Amino acid sequence: MTRRDRWSAVGLALVATAYLVLGRAYPLDTLAALGPGAFPLAVGLVLLALAVWQFSAAGRAAPSGPSIAPPRSRAALVMACVLVVYAAVLPRLGFLLASSALVFVAARLMGLDGWWRPAALAVGVAVAARVLFVTWLGVPLP
Amino acid sequence: MSELFVALTPPNLVACFVGVVLGTLVGVLPGLGPAGAMALVLPVVVKLEPTAGLIMLAGIYYGAMYGGSTTSILVNVPGEAASVVTTIDGYRLARRGRAGAALAVAALASFVAGTFSVVALQLAAPLVARAALAFGPAEYFAFALLGVVLLATLAGGARVKALAMVAVGVLLSTVGMDPMGGTVRFTFDVAGAQAGLSFVAVTAGLFGVAEVLALTAAGDTATAAARVRFRELYPNREELRRSVPPMLRGTVLGFLVGLIPGPAATIASFVSYGVEKRVSRHRRELGTGAIEGVAGPEAANNAAAGGGMVPLLSLGLPFTPATAVLLSGMLLVSVTPGPFLLRDHPHVFWGVIGSFYVGNVMLLLLNLPLVGVFARVATIPPRWLMPGVLVLCAVAAFADNNNPFDVWVMVGAGLLGYAMRWLGYDPAPLVLGLVLGPLLERSLVQALTIARGQVSGLWSSPQAAVMLAAAVLALVAPGVLTLARRARPGAPHP
């Protein structure tokens, strides 16, 4: 256990508390006929208890050294933003265009140099996926 | 039993072949893992005839067990967790010029174990299914609870973190329609969330998208594989002779471990290695490049994959992410696994089991001559492969319910999965919590209703009482043992 586990335990406790608060909107009813709020209440309490356990266990751990960030964590952050944009534009732009753009940007972020190679990969992957899933298998992609 | 031959029809043979090739490639490529790959092909599976689709999924599952050993031996990079132990002696054998022999013994051990586990599965699954007919809600609740507790206890790493991830998975499973009364919960009025969080989207995100993010952060990590000449593929007589006992021990051990809920294949390989270190005549050579260190664990992890199918097929309870995806695939093609699977869909049950035989032969024929080709796949830089994985993840997530909201779920799960890796959380318990959550809730509510609100109704039957007692024991025993060790005179205090 490390000090980082302590902070993640705080995060888990916050999630559990928010979940318990939101779960109050659903009735508990009786033990013989449990309402829709009963199981979430039990799960929220269990998660809260586990977060407290993890917090106390991490508190006993020796302080860990400085956290070492991955060498290209900024690239991962940009990739995460690209994925959020992809989810937002997929229904509007359609699968072919949105996925081509996603593959192009992802390939560049992962270190595929130049323009034509990422572009060729983007078109190849998007067209192949569309042919396989839409044309052959009839999956109704946007 | 004649349904076993369903596996030999041309469409099922093709499905099996495609499955084992994909599985081998997934096993060779570190990162994605069988569960992620199986989730990605679900859009294809739903378009196939149910038996063929499930045969393809099962082929990926046990194909990955085969393929995982290739990169462990040649590149010292395990394709999946169950092959980690194989790197210890396998890679050292490769450096001594015995890569071919190690790969051939790994393939043979996988074949022997896979075939044994099929026979044992064939015998055990119907027996367990018959016994399970006596299971009521209380027994299902107790068994599911025992499963998640054992998973958290056996998974390695911090137990509390694994348990917390199970709880988060169960928490996520409560999003959407309540399984008993139909009340919509925790959806924030998002229409797409009413059906709940798509298991496929969550799996694709946690395993696929998170892997791409991790590789993006780590930079290009392509590795060079050792070349294997065809004439080096054959183990010599001494190596074969030394491989047989650990292979047999690993097979039996692996199948038994596979029956226990938890990350069975990984545990089985470690247990097998531990057993060899104790009982092998060449135990002192283990760790320096002994063939026993390849034969035992490889047999064990493949046998465990077969053993893990018993609770899935006979009880409808998956205890690994891969069998959870298989369960999802079954439900997508309207096949409900459990005690009635054998009665309602005998052709599916026996067809899938029959495909294991066929698949094991295919894997042996594929792995021996094509091992060099598969090894070279591991050297393809991620920048060429991983952007395509993102698109496959999106297709898998969307196609599950034709719901754009599921693409958001996939992205969210990907970000969560990446954060979990950074914080040292294993995604497998979360996936199982998500799958078992509705079962836990449904069986708890039903058991209490039957017992008219008496909590003791949860342990009124002997089976439920034994399983709940085992769950409590698994939960408290490690803590009690730690306290006992600390209380011993002379024991170091923290």
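Because the structure is a prediction, the values reported are computed rather than measured.

### Some remarks on the overall build of chain B
- When helices and strands are counted, chain B shows 21 helices and 2 strands.
- Looking at chain B residue by residue over its 494 residues, the buried ones come to 63%.
- Relative to all contacts within chain B whose residues are 6 or more apart in sequence, the contacts with residues 24 or more apart total 78%.

### Re the overall build of chain A
- A tally of regular secondary structure across chain A gives 5 helices and 2 strands.
- In sequence order, chain A lays out its α and β elements as α-β-β-α-α-α-α.
- Computed over C-alpha atoms, the radius of gyration of chain A comes to 23 Å, more than 25% over the 14 Å expected from 2.2 N^0.38 for 142 residues, which places it beyond the range of a compact globule.
- Counting every position in chain A, which comprises 142 residues, the buried fraction comes to 37%.
- In chain A, the proportion of contacts linking residues at least 24 apart, taken out of those at least 6 apart, comes to 54%.

### Details of the interface of chain A and chain B
- Contacts between chain A and chain B engage 57 residues on the former and 55 residues on the latter.
- Going through the elements one at a time, helix H1 (3-23), strand S2 (33-34), helix H2 (38-59), helix H3 (73-93), helix H4 (95-109) and helix H5 (116-136) of chain A are the ones with two or more residues in the side of chain A that touches chain B.
- Grouping the amino acids of the side of chain A that touches chain B by side-chain chemistry returns 47 nonpolar, 7 polar and 3 charged.

### Looking at the domain arrangement of chain A
- Taken domain by domain, chain A comprises domain 1 (3-59) and domain 2 (73-136).
- Placing a centre on the C-alpha atoms of domain 1 of chain A and another on those of domain 2 of chain A gives a separation of 38 Å.

### Structural notes on the nonpolar core
- With 219 residues, the main nonpolar core has Met38, Ala102, Ala204, Cys393, Ala396, Ala397 and Met410 of chain B as its most contacted residues.
- With 20 residues, helix H6 (residues 99-132) of chain B is the single largest residue contributor to this core.
- Two domains each put at least three residues into this core: domain 1 (3-59) and domain 2 (73-136) of chain A.
- Residues within four places of Ala397 of chain B in sequence aside, it is in contact with Ser198, Val200, Ala201, Ala204, Asp406, Val407, Val409 and Met410 of chain B.

### Re the packing of helix H2 (residues 33-40) of chain B against helix H14 (residues 321-332) of chain B
Residue and element names in this part refer to chain B.
- At a minimum axis separation of 7 Å, H2 and H14 run at an interaxial angle of 15°. Between H2 and H14, the interaxial angle falls into the category roughly parallel. Regarding H2 and H14, the two cross each other, and that crossing is left-handed. Counting all contacts with H2, which are made through Pro34, Ala35, Met38 and Ala39, the residues of H14 involved are Pro321, Ala322, Val325 and Leu326.
- Residue composition of the contact of H2 with H14, by class: 8 nonpolar, no polar and no charged.

### Structural notes on the environment of Gly258 of chain B
- Looking at the secondary structure, you find Gly258 of chain B in helix H10 (residues 237-259).
- Setting aside residues up to four positions removed in sequence, Gly258 of chain B forms contacts with Ala264, Ala268, Ala303, Ala304, Ala305, Gly306, Gly307 and Gly308 of chain B.

### Some words on H4 of chain A
- Between its terminal C-alpha atoms H4 of chain A stretches 21 Å, which fits the 21 Å expected from 15 residues at 1.5 Å a residue.
- The element H4 of chain A is largely enclosed, with a buried count of 12 among its 15 residues.
- Of the positions making up H4 of chain A, those classed as buried are Phe95, Ala98, Ser99, Ser100, Leu102, Val103, Phe104, Val105, Ala106, Ala107, Arg108 and Leu109 of chain A.
- Residues of H4 of chain A that are buried in the fold lie against H3 and H5 of chain A together with helix H9 (199-218) and helix H18 (382-401) of chain B.
- One or two steps after H4 of chain A, the chain reaches Gly111 of chain A, where phi turns positive at roughly 105°.

### Describing H1 of chain A
- Between its first and last C-alpha, H1 of chain A extends 30 Å over 21 residues, near the 30 Å set by a 1.5 Å rise per residue.
- Within H1 of chain A, burial applies to Asp5, Ser8, Ala9, Leu12, Ala16, Tyr19 and Gly23 of chain A. All buried residues of H1 of chain A lie within an arc of 110° about the axis, which places them on one face of the element. Looking at H1 of chain A, the residues exposed on the side facing more than 90 degrees away from the buried face are Gly11, Leu14, Ala18 and Val21 of chain A.
- Looking at the buried side of H1 of chain A, the elements it contacts are H2 of chain A together with helix H8 (159-173) and helix H19 (405-423) of chain B.

### A closer look at the packing of H10 of chain B against helix H11 (residues 264-279) of chain B
Residues and elements named next belong to chain B.
- Their axes nearest at 9 Å, the elements H10 and H11 cross at an angle of 140°. Taken together, H10 and H11 sit at an angle that is classed as oblique. Of the two possible hands of crossing, H10 and H11 adopt the one that is right-handed. Contacts from Pro246, Arg249, Gly250, Leu253, Gly254, Val257 and Gly258 of H10 reach H11 at Ala264, Ile267, Ala268, Val271, Ser272, Val275 and Glu276.
- Partitioning the contact of H10 with H11 into residue classes produces 8 nonpolar, 4 polar and 2 charged.

### A closer look at unusual backbone geometry
- Unlike most non-glycine residues, Asp29 of chain A shows phi in positive territory, near 55°.
- You can see Asp29 of chain A is positioned in strand S1 (residues 29-30).
- One non-glycine residue, Asp189 of chain B, lies in positive phi territory at about 65°.
- Tracing the chain through its elements places Asp189 of chain B in the loop between strand S2 (184-185) and H9.
- Residue classification places Asp189 of chain B among the exposed residues on the basis of 7 C-beta atoms within 10 Å.

### So, the environment of Lys277 of chain B
Residue and element names in this part refer to chain B.
- Looking at where Lys277 falls in the secondary structure, it is placed in helix H11.
- On the basis of neighbour count, Lys277 is assigned to the partly exposed category, with 16 C-beta atoms found within 10 Å.
- Note: C-alpha distance between Lys277 and Glu292 (15 residues apart in sequence) is 9.3 Å.
- If we ignore the near neighbours within four places in the chain, the residues touching Lys277 are Arg283 and Leu286.

### Focus: the confidence of the model for chain B
Residues and elements named next belong to chain B.
- When pLDDT is averaged along chain B, the result is 83; 90% of the residues meet or exceed 70.
- Within chain B, S2 carries the highest mean pLDDT (94), whereas helix H17 (residues 371-377) carries the lowest (67).
- Both scores are available for the predicted complex, with the pTM at 0.79 and the ipTM at 0.92.

### Quick word on the environment of Val431 of chain B
Residues and elements named next belong to chain B.
- Of note, Val431 is situated in helix H20 (residues 427-450).
- For Val431, a count of 28 C-beta atoms within 10 Å puts it in the buried group.
- Expressed as a C-alpha distance, the spacing of Val431 and Gly68, which sit 363 residues apart in the sequence, is 22 Å.

The rules behind these values
- Residues numbered from 1 in each chain as written.
- Chains lettered and ligands numbered in written order.
- Predicted model: local features only at pLDDT ≥ 70, side-chain atom pairs only at ≥ 80, totals over all residues.
- Helix = DSSP H or I, 4+ residues; strand = E, 2+ residues; numbered from the N terminus.
- Buried ≥ 20, exposed ≤ 12 C-beta atoms within 10 Å, placed from the backbone.
- Contact = placed C-beta atoms within 7 Å.
- Rg over C-alpha atoms; globule rule 2.2 N^0.38 Å.
- Nonpolar A, V, L, I, M, F, W, Y, C, P; charged D, E, K, R; others polar.
- Domains from an automatic or database assignment.
- Core = buried A, V, L, I, M, F, W, Y, C linked by C-beta atoms within 7 Å.
- Axes fitted to C-alpha atoms, helices over the stretch in contact; angles between N-to-C directions.
- Parallel < 35°, antiparallel > 145°, perpendicular 65-115°, else oblique.
- Left-handed = near helix turned anticlockwise from the far one by under 90°.
- Expected span 1.5 Å × (residues − 1).
- Arc of directions from axis to C-beta.
- pLDDT = per-residue confidence, 0-100.

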